[in-house]
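Listed here are the chains, written in short residue letters.
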4 protein chains.
Amino acid sequence: MAEQKIGVAIIGARAFTSGELLRILLRHPGAEVVALQARVDAPMEVGEVFGFLRGAPLPAIQGVDVDHLPENTVSAFLCLPHTVGAKFAPLLLERGIRVFDLSADFRFRDHRIYENTYAVQHPSPDLNRRAIYGLPELFRANIIGQDLVACPGCYPTSIILGLAPLMKQDMVVKGTIIADSKSGVSGAGRTPNETTHYCNANENFAAYKIASHRHQPEIEENLTRLSGERQTLTFVPHLVPMERGILSTIYASLKEDITEDRIHALYSQFYDKEPFVRVLPKGALPATANVARTNVCEIQVRVDAPARRVIIVSAIDNLVKGASGQAVQCFNVSHGLDETAGL
Amino acid sequence: MAEQKIGVAIIGARAFTSGELLRILLRHPGAEVVALQARVDAPMEVGEVFGFLRGAPLPAIQGVDVDHLPENTVSAFLCLPHTVGAKFAPLLLERGIRVFDLSADFRFRDHRIYENTYAVQHPSPDLNRRAIYGLPELFRANIIGQDLVACPGCYPTSIILGLAPLMKQDMVVKGTIIADSKSGVSGAGRTPNETTHYCNANENFAAYKIASHRHQPEIEENLTRLSGERQTLTFVPHLVPMERGILSTIYASLKEDITEDRIHALYSQFYDKEPFVRVLPKGALPATANVARTNVCEIQVRVDAPARRVIIVSAIDNLVKGASGQAVQCFNVSHGLDETAGL
Amino acid sequence: MAEQKIGVAIIGARAFTSGELLRILLRHPGAEVVALQARVDAPMEVGEVFGFLRGAPLPAIQGVDVDHLPENTVSAFLCLPHTVGAKFAPLLLERGIRVFDLSADFRFRDHRIYENTYAVQHPSPDLNRRAIYGLPELFRANIIGQDLVACPGCYPTSIILGLAPLMKQDMVVKGTIIADSKSGVSGAGRTPNETTHYCNANENFAAYKIASHRHQPEIEENLTRLSGERQTLTFVPHLVPMERGILSTIYASLKEDITEDRIHALYSQFYDKEPFVRVLPKGALPATANVARTNVCEIQVRVDAPARRVIIVSAIDNLVKGASGQAVQCFNVSHGLDETAGL
Amino acid sequence: MAEQKIGVAIIGARAFTSGELLRILLRHPGAEVVALQARVDAPMEVGEVFGFLRGAPLPAIQGVDVDHLPENTVSAFLCLPHTVGAKFAPLLLERGIRVFDLSADFRFRDHRIYENTYAVQHPSPDLNRRAIYGLPELFRANIIGQDLVACPGCYPTSIILGLAPLMKQDMVVKGTIIADSKSGVSGAGRTPNETTHYCNANENFAAYKIASHRHQPEIEENLTRLSGERQTLTFVPHLVPMERGILSTIYASLKEDITEDRIHALYSQFYDKEPFVRVLPKGALPATANVARTNVCEIQVRVDAPARRVIIVSAIDNLVKGASGQAVQCFNVSHGLDETAGL
């Protein structure tokens, strides 16, 4: 039944997110990788880039040339730096190829916020208008059949999923949201630098980009969208000495006294049908190890009653639910496949 | 000049904190370890417990028997579980031996809070009244010459030092303090259990004891003491896959609009003369690797102006400034030695 | 088609190897876990033992009682300490249930070597005679249809696969084999102890049980079997600060001058058809990260020509190819399923 | 007494080895760092390069200019890439500054082996003749008063110290030495690359440069020197997911049957007076954690009697005894200071 599989290309095939996409797509019953492109001097085997893929039935990695993708390319995943992917998107769409962009280029409804945040000019503001923010749990209906999906950032995924039920219910005092997030080192990408050097990252823990990380406006735009009111947050990311995983501890003041039980029930109900959100039973707490290499987001809620403050903890694998897994989930939703296929 | 050194005993000599004490005391010019006691079946060499101390000029570890410490024992460090040390303290004090207790037994001014928090009965409420909370940066004058010093907990050290200048200046809106703390695994102590198993701790990050950790009342009591008003906080500890280090990210609402520069100046001035508090220059951020194996507390402050919220980041080594180093600092202050000796 | 799946029980369901079995069996198209038994006080959800399995469609863990396994139990995996499993095996076999034992109980052809090595008495010497050593690459034909398979140890798997082609060709000088093996911490099992405490294992590397590890006789027996002559080796295991993976660096003197190319060709041919052995192309080297969470054994060979010495490097995941993955592979072979099913 | 301290310069002050030198020299009673030079665009504070040194009483890092070192510069440590330091050495020596070179430039008695091994031309073959190999335990007498000391490589230190007693006693069959060494990631230096990226190094273990590492000829030259006969070895280095530490497991065939006790006694006696070599009591095994941040080399010997093979395990901190600590030890010996000063 190989002829029925959807042909998939990955542009930017040397990124960590690309390795993760390949891990998932190789076990996907309805997709087949037909092209891999990246900045390479000469074609190279995938196994030379990702040792764990040595011998896998995959095409070689070719130089980037979106005009010469195989005929049977139906969808493309873009694992490219900001602004680079946005230049290729129009070419792909013109050829009828659906685009799942893992960069930030199409994540903002208002492209000027993107331009301010990333200090660049948007290569395709027009295209930006029709892009869909690919968080299926919240915007599933919009993704079905769509051909341009902007896959959310890793931190935003963990924080937006963690706050969505409260936002929709308007239960939080505006201006009180704090997200204290902790990420594994793979979030910093594959390019070696001082931060990702083993000897600097290991046995170390630090905050970075306090209240100035590029994911903050993305989070704010989506919280605003969910609540219908302008929402802001204080966002502080930290680097954890581990390869993968994001855990966000989110604090917010409640408008009214609400019991922990009631909020727990609200969350359980909100995510009841979701295959990839696991609201934990009371007493259990999320852990990044529990979600590693899965597309699951674990969530727990607690109420500090004397302070009338809710504490939400959410955990994802930054490379899966925070990137490649969610991209495949969007791909599945867009194409009308089983949403959990390959995941 | 060995005869001039202060004779020191360690009770509970197999704890991680004891190993750290020994590391420090071996290079302390004014102290000499004259006795080591712990729950052992037979006397054993220190090197069998702490491989890095093999061959060091130290007495063997004997069974616990505080009535038979060497004549020249002048001070004792207690590295014992809660309530155990408090039973030995009176015996030691009667013999004129100064006590530096690393447990929580004497940390609370109000011993009933201790009893509620630790779910035990205090073995020596009377003694508790004269115990000094051993945070030299804030209570130095009280420690000089004292014979019963309660060394602060690791999380409290990082959080109280992080908030002290704001508490003293009454700049924070009550009820808005949140401390999101992250600790290395050595904070969980030496007894092996599921949590500290390498395969559970490694490549994992999780919160625990959300708003219910035993250090919370200790922090609150001291913040209250510093500000003169009843203070509370929401405290969430997390476990980091590293051996040592605590980083606390502390959030609080400011009573008035104050610039980051002014708060930074306040902190710089407040800790100006402190040998072990390093308020970082603007732009730099604390990291646990920078303070590992030192008695230093690194601090940085940031202001999220639109939210009128201050963010303080503090980093310590939980086994040093959060335990054994601070104990030696208190020992130095108590005995009138150079406060930095051995550290 | 659930009714066509083979019903599987796991006895000792709290072991690390059991968690790994479940990870594999959950995606196995031809197997269904119908019973989980372990030493538990009361039935408990799998998710309480293995957080990553929370919500998975699995039966609860019951106390051990092999007499009351479900009717549809066709095969059982034993993840039990030595001698414990061997007591249950006869009961299971009597009921027609095939046994895949992950302990050492049935690994030795000569049960007296087992008894000497493990310092116990064998509970079922008679049964031992019909047990098959479950290394499919070498003894596949024997495993087909068998009902008592002893799954090899983790170190033996890496070393025997690494040496098999040379043994079969009789190319090695007797008495010259040295296996210097390095294992992740999960090899030490789930019971917390000093060795597996994060603070002892992390940032540490050490040898242990030099030339006295219990896997040495198992390796020697199988090398002997392969070569037809009594073989011995010097075996030194080491502990690596990582969760999973074994890398063995094996040295042996060659009987004759043979080029690296020739030996590489020999290995490539020997394992040509094997789905789970990956003889790397020249220039590439095995790495435990490449085989983590897979059933693959990576092998490379080098010749130190001046010394007439061959160096073989092999890498496996100790919990997969070194335990649970190989057990499922044997299960597949025994039952005539696709050998790679679930793997 | 600051005026009596020996003025020290470090050239190449941004290397990991330089950070380690500074850590040691700051507590050295007889040395004072008077100049730091490195490739910098503008002078920078040490704290910007090594966070743990923030606030330390050290000069700023200036650009490299050995002609303008302070008047009171008496000794210089070169932490520079191969061939770079050798160009500066003559200039320093002309000015009467003693040179302790941490690169490989002057390690070889025969500079042509150096040239072959490093594929470069030696910048100062003449100077090479008077350089001393700085392994004090074996060549102490030669180092006293010397002004050009080549500090040994990290692997060679661990292996040569491990074999020296056997070499001197001529107890080993030629051609049978195998050194299987394992190193932490800091051995790969500070420049970020794929190998040292946290996500590649973590949870991974691999061999590299099998029988082709540049330290092999250095080891062979020194074993030959010790034994008086041409010695070779098979050397296989591996990378361990930890920051620091080298453990070498060394195998060799014994010429005669000798008991483990006798060899242990030989080693104990050989290193009896050495402050930095710790031959462990029987039963104990070296571990890199035991020697981390110390100048100690731990050694244990075992005999595999049936194979007439000796197994030596040695452990050092690659940055201390394998580099900066040993350099300071040589500095102490050269200047007639207490050999353990600062260490």
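Small disclaimer: the values here were computed from a predicted structure and weren't measured.

Chemist: Pulling in residues and values, what's your account of the pattern of salt bridges?
Modeler: Going through the model one piece at a time under the given rule, you end up with 88 salt bridges over all chains. Here C:Glu298 ties to C:Arg278 by a salt bridge, and the two come within 2.6 Å at their closest N and O atoms. Linking C:Glu298 in strand 13 (residues 297-304) with C:Arg278 in strand 12 (residues 277-279), this pair joins segments that are 20 residues apart in sequence. Here C:Glu298 and C:Arg278 have matching classes, each one buried. Salt-bridge contacts for D:Glu220 lead to D:Arg230; the nearest nitrogen and oxygen are separated by 3.7 Å. Residue D:Glu220 is found in helix 9 (residues 215-227), and its partner D:Arg230 is found in the loop between helix 9 and strand 10 (234-239); the two are separated by 10 residues along the sequence.

Chemist: Before we move on, can you summarise the relation of the copies chain C and chain A with the specific residues and values?
Modeler: Least-squares fitting of chain C to chain A yields an RMSD of 0.0 Å, with the transformation described by 0.0 Å of translation along the axis and a rotation of 180 degrees. On the angle and the small slide along the axis, the relation comes out as a two-fold axis. Residue C:Glu203, judged by its C-alpha, is the member of chain C lying nearest the rotation axis, at 4.4 Å. Same-surface contact between copies: 92% of interface residues of chain C are shared with the interface of chain A.

Chemist: I'd love a proper account of the domain arrangement of chain A, names of residues and values included.
Modeler: Residues and elements named next belong to chain A. Considered domain by domain, chain A is made up of domain 1 (6-130) and domain 2 (155-318). The C-alpha centroid of domain 2 is placed 27 Å from the C-alpha centroid of domain 1. Contacts between the two partners involve 14 residues from domain 1, matched on the other side by 11 residues from domain 2. Summed over both sides, the interface between domain 1 and domain 2 buries roughly 1200 Å², with carbon and sulfur atoms accounting for 48% of that surface. When the area that domain 1 buries against domain 2 is broken down by residue, the three leading residues are Phe16, Arg107 and Arg109, summing to 40%. Taken together, the links from domain 1 to domain 2 amount to two salt bridges. Arg107 is the partner of Glu218 in a salt bridge, and the nearest nitrogen-oxygen pair spans 3.2 Å. Breaking the side of domain 1 that touches domain 2 down by element, the ones donating at least two residues are helix 1 (16-25) and helix 4 (111-118). Looking at side-chain class alone, the side of domain 1 that touches domain 2 contains six nonpolar, two polar and six charged residues.

Chemist: So what's going on with the relation of the copies chain B and chain A? Which residues, and what values?
Modeler: Rotating chain B by 180 degrees and translating it 0.0 Å along the rotation axis places it on chain A, where the RMSD comes to 0.0 Å. When the interface residues of chain B are mapped onto chain A, 100% of them are again interface residues, pointing to one common binding face.

Chemist: Residues and numbers for the state of the cysteines, please.
Modeler: Residue and element names in this part refer to chain D. Within the structure shown, the criterion is met by zero disulfides over all chains. Between Cys330, a cysteine without a disulfide, and Cys151, which holds the nearest cysteine sulfur, the sulfur-to-sulfur distance is 4.9 Å. By relative accessible area, Cys330 is classed as buried at 0%.

Chemist: Explain the side chain of A:Ser253 residue by residue, including any values.
Modeler: Residues and elements named next belong to chain A. With respect to the element layout, Ser253 can be found in strand 11 (residues 246-253). By relative accessible area, Ser253 is classed as buried at 18%. Ser253 has contacts with Met171, Val172, Val173, Thr176, Arg308 and Arg309, leaving out every residue within four places of it along the chain.

Chemist: Give me the sheet that holds strand 8 (residues 178-183) of chain A: which residues, what numbers.
Modeler: All names here are of chain A. Read from one edge of the open sheet, seven strands run 9-10-8-11-14-13-12, paired in mixed fashion. Edge positions in the open sheet fall to strand 9 (206-207) and strand 12 (277-279), since each of these has one partner strand only. Relative to strand 13 (residues 297-304), strand 12 runs parallel, the two sharing three bridges. Directly across from Arg278, in strand 13, lies its bridge partner Glu298.

Rules and cut-offs
Residues numbered from 1 in each chain as written. Chains lettered and ligands numbered in written order. Predicted model: local features only at pLDDT ≥ 70, side-chain atom pairs only at ≥ 80, totals over all residues. Heavy atoms only, no water. Salt bridge = Lys/Arg side-chain N within 4 Å of Asp/Glu carboxyl O. Helix = DSSP H or I, 4+ residues; strand = E, 2+ residues; numbered from the N terminus. Buried < 20%, exposed > 50% of the residue type's maximum accessible area, 1.4 Å probe, protein only. Least-squares fit on C-alpha atoms with pLDDT ≥ 70 in both. Contact = heavy atoms within 4.5 Å. Domains from an automatic or database assignment. Buried area = accessible area lost by both parts, 1.4 Å probe. Nonpolar A, V, L, I, M, F, W, Y, C, P; charged D, E, K, R; others polar. Disulfide = S-S within 2.5 Å. Pairing = 2+ DSSP bridges.

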